[in-house]
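Examining the three-dimensional arrangement
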Amino acid sequence: MDRALINFASIAKLMFMKNGITRREALKQMGLLMAGTAVTATGISSLAACGNSPKKRIILYFTGTGNCLYVARQLADNNTEILSIPQLVKQDRYEFEADEIGIVYPIYGHMPPSMVRNFIKHARLVAPYKFAVLTFGNRKCDAVEIWDRISQDAGNRFDYITTMIMVDNWLPNFDMNEQIKIDKGIPANLQRISADIAQQRHWHEPVTEEERMQHQEFLQRSGLDPDKGFLLLSQDYFVVTDRCIGCAACVDVCPRGNYEMTSQGVKTDGECEFCFACIQNCPQKAIQFSTGERNLLVRNGEKNPEARYRNEHVSLWDIKASNRQ
Ligand SMILES: Cc1cc2nc3c(=O)[nH]c(=O)nc-3n(C[C@H](O)[C@H](O)[C@H](O)COP(=O)(O)O)c2cc1C
Ligand code: SF4
Ligand code: SF4
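Residue numbers run consecutively from 1 along every chain, following the written order of its sequence. Chain A is the first chain written and ligand 1 is the first ligand written, with later ones labelled in order. The predicted nature of this model means local features are confined to residues of pLDDT at least 70 and side-chain atom pairs, given and counted, to a pLDDT of 80 or more, with totals for whole chains, interfaces and linings taken over all residues. Hydrogens are left out, water is left out, and the side-chain values use all remaining heavy atoms of the structure.

Within the largest apolar cluster, 84 residues are counted, with the highest numbers of intra-cluster contacts made by L60, W147, F238 and F274. Ranked by residues supplied to this core, first place goes to strand β6 (residues 129–136) with six residues. As annotated, the domain borders come from an automatic or database domain assignment. Residue-level mapping places this core at the junction of two domains, with at least three residues from each of domain 2 (55–212) and domain 3 (232–323). Excluding its chain neighbours within four sequence positions, the residues that come into contact with F274 are Y108, W170, F230, L232, Y237, F238, F289 and V298. Here, nonpolar core refers to any group of buried Ala, Val, Leu, Ile, Met, Phe, Trp, Tyr and Cys residues whose side-chain atoms link them within 4.5 Å. Categorising residues by exposure relies on relative accessible area from a 1.4 Å probe, with only protein chains included: less than 20% of the type maximum marks a residue as buried, more than 50% marks it as exposed, and the intermediate range marks it as partly exposed. Secondary structure follows DSSP: runs of H or I at least 4 residues long count as helices, runs of E at least 2 residues long count as strands, and numbering of each begins at the N terminus. Two residues form a contact once any of their heavy atoms are found within 4.5 Å.

Structure follows, in structure tokens:
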């Protein structure tokens with residue numbers, strides 16, 4: 001599907017260069033050409049935006065390893081603004097108005113990242129249609145209901161909430177080299193979600209009683225506060241080894257600005273989202289978990305310290321641009 005989309009965009013670009021028409025015009029003509037043929041739902045969403053009355057869509061996202069940025073981009077059309085939540089927080093921007101506003105974030109212990117939780121509490125999202133896509137890797141439990149509660153309490157009710165399975169970047173349990181080999185049906189899921197959003201479907205993905213119970217068990221085991229989720233201290237959980245070459249990638253990818261280059265090397269401290277942007281994006285694999293009984297969540301270290309993950313469609317530069325403080 002990705003290849004089809006890339007081809008679609010490339011042909012439009014060629015038309016744009018060859019015929020001297022705008023890229024938007026080219027895409028519009030492509031849309032007319034392809035009408036009635038079997039295109040992906042993501043493609044249909046793009047075509048819809050080229051119609052007579054394009055809707056303005058805003059997609060807000062948070063990402064550590066690129067899955068959510070990839071999804072946000074796939075759900076975008078020509079009239080979509082894709083905005084990084086860490087950048088919005090940095091700019092103190094909380095008011096948005098559009099025809100459609102979406103949010104894409106990774107679930108952490110089935111809950112939203114702390115920054116996303118705080119953002120939605122302060123945000124004023126004015127749109128006739130609001131959708132949320134929660135990415136996860138293995139077990140979503142009642143993530144949909146958790147978001148529904150948090151967003152409703154904040155006065156920002158979402159009309160559509162769904163989950164989407166992707167590579168699980170939770171290093172303590174998963175070997176990233178194994179995760180990337182698993183077919184998680186991403187194109188089909190993107191197609192489903194794009195089609196739902198294109199027709200402004202009002203729907204919350206159902207949650208079972210068993211999933212609710214699993215989340216409660218998780219809270220008990222992890223000791224996490226359900227009102228805070230993952231909000232830890234980076235100095236307790238991460239160490240920088242002598243593999244470090246001082247490239248400063250960790251400084252730029254941390255949405256909390258927790259890394260600093262000092263005369264004694266790289267230091268980390270501060271409240272931490274546990275997004276793993278630092279540990280996963282360090283090109284030297286120089287960042288590791290600080291294990292020990294106190295650090296319950298990473299007590300057993302990680303599955304494969306030599307395997308790291310970033311979504312294949314997302315660059316290190318993209319993560320830096322999304323998260324840099
Ligand atoms: C701290 C943390 C907690 C996570 N908790 C869950 C979870 O409870 N269930 C799950 O299926 N995936 C979990 N994941 C996996 C991520 O939700 C998933 O890989 C997500 O797509 C990552 O998105 P990103 O690449 O945009 O950061 C967790 C990941 C992290 C880092
Ligand atoms: S990203 Fe890794 S190698 Fe680069 S400065 Fe940070 S710890 Fe060192
Ligand atoms: S220290 Fe690492 S895990 Fe914590 S917020 Fe920064 S990048 Fe994310």
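Attention now moves to the packing of helix α6 (residues 114–122) against helix α7 (residues 143–153). The packing of two helices is summarised by the inter-axis angle and the distance between the axes. Each axis is a line fitted through C-alpha atoms, and for a helix only the stretch in contact is used; angles between axes span 0 to 180 degrees, taken between their N-to-C directions. Running from N to C, α6 and α7 cross one another at 35°; their axes reach a closest spacing of 8 Å. Residues V116, R117 and I120 of α6 pack against W147, I150 and S151 of α7. Here the residues of the contact of α6 with α7 are counted per class, giving four nonpolar, one polar and one charged. When residues are grouped by polarity, Ala, Val, Leu, Ile, Met, Phe, Trp, Tyr, Cys and Pro land in nonpolar, Asp, Glu, Lys and Arg in charged, and all others, Gly among them, in polar.

Here a pair means two rings of Phe, Tyr or Trp (six-membered ring of Trp) with centres within 6.5 Å. Their orientation is stacked below 30 degrees between planes, edge-to-face above 60, and tilted elsewhere. Summed over the entire model, instances satisfying the criterion amount to 18 aromatic pairs. Judged by centre distance (6.0 Å) and plane angle (70°), the ring pair of W170 and F230 falls under edge-to-face. Of this pair, W170 sits in the loop between β7 (160–165) and α8 (176–179) while F230 is found in the loop between α10 (209–222) and β9 (232–233), placing the two residues 60 residues apart along the sequence. Where F238 meets F276, the ring centres are 6.5 Å apart and the plane angle is 90°; that geometry is what we call edge-to-face. Of this pair, F238 sits in strand β10 (residues 238–240) while F276 sits in the loop between β13 (271–272) and α13 (277–281), and the two are 38 residues apart along the sequence. The class of F238 is buried, set by a relative accessible area of 4%. According to the relative accessible area criterion, F276 is buried, its value standing at 2%. A network of ring pairs unites the aromatic residues Y108, W170, F230, Y237, F238, F274, F276 and F289 as a single cluster. Charge-over-ring placement is defined geometrically: NZ (Lys) or CZ (Arg) within 6 Å of the ring centre, and within 35 degrees of the ring normal. Its end group placed over the ring of W203, R201 keeps NZ or CZ at 4.3 Å from the ring centre.

On to helix α14 (residues 316–323), then. For α14, every residue scored as buried is listed here: D318, I319, K320, S322 and N323. Close packing links the buried residues of α14 with β1 (57–61), α4 (67–74), β2 (80–84), α5 (85–91), α12 (249–253) and α13.

As a further point, take unusual backbone geometry. Of note, the phi angle at Q200 is positive, near 50°, even though the residue is not glycine. With respect to the helices and strands, the residue Q200 is situated in the loop between α9 (186–198) and β8 (203–204). Taking the relative accessible area as the measure of exposure, Q200 reaches 24% and is therefore partly exposed. The backbone phi angle of F274 is positive, close to 65°, even though this residue is not glycine. Looking at where F274 falls in the secondary structure, it is placed in the loop between β13 and α13. Exposure remark for F274: the relative accessible area of 3% places this residue in the buried category.

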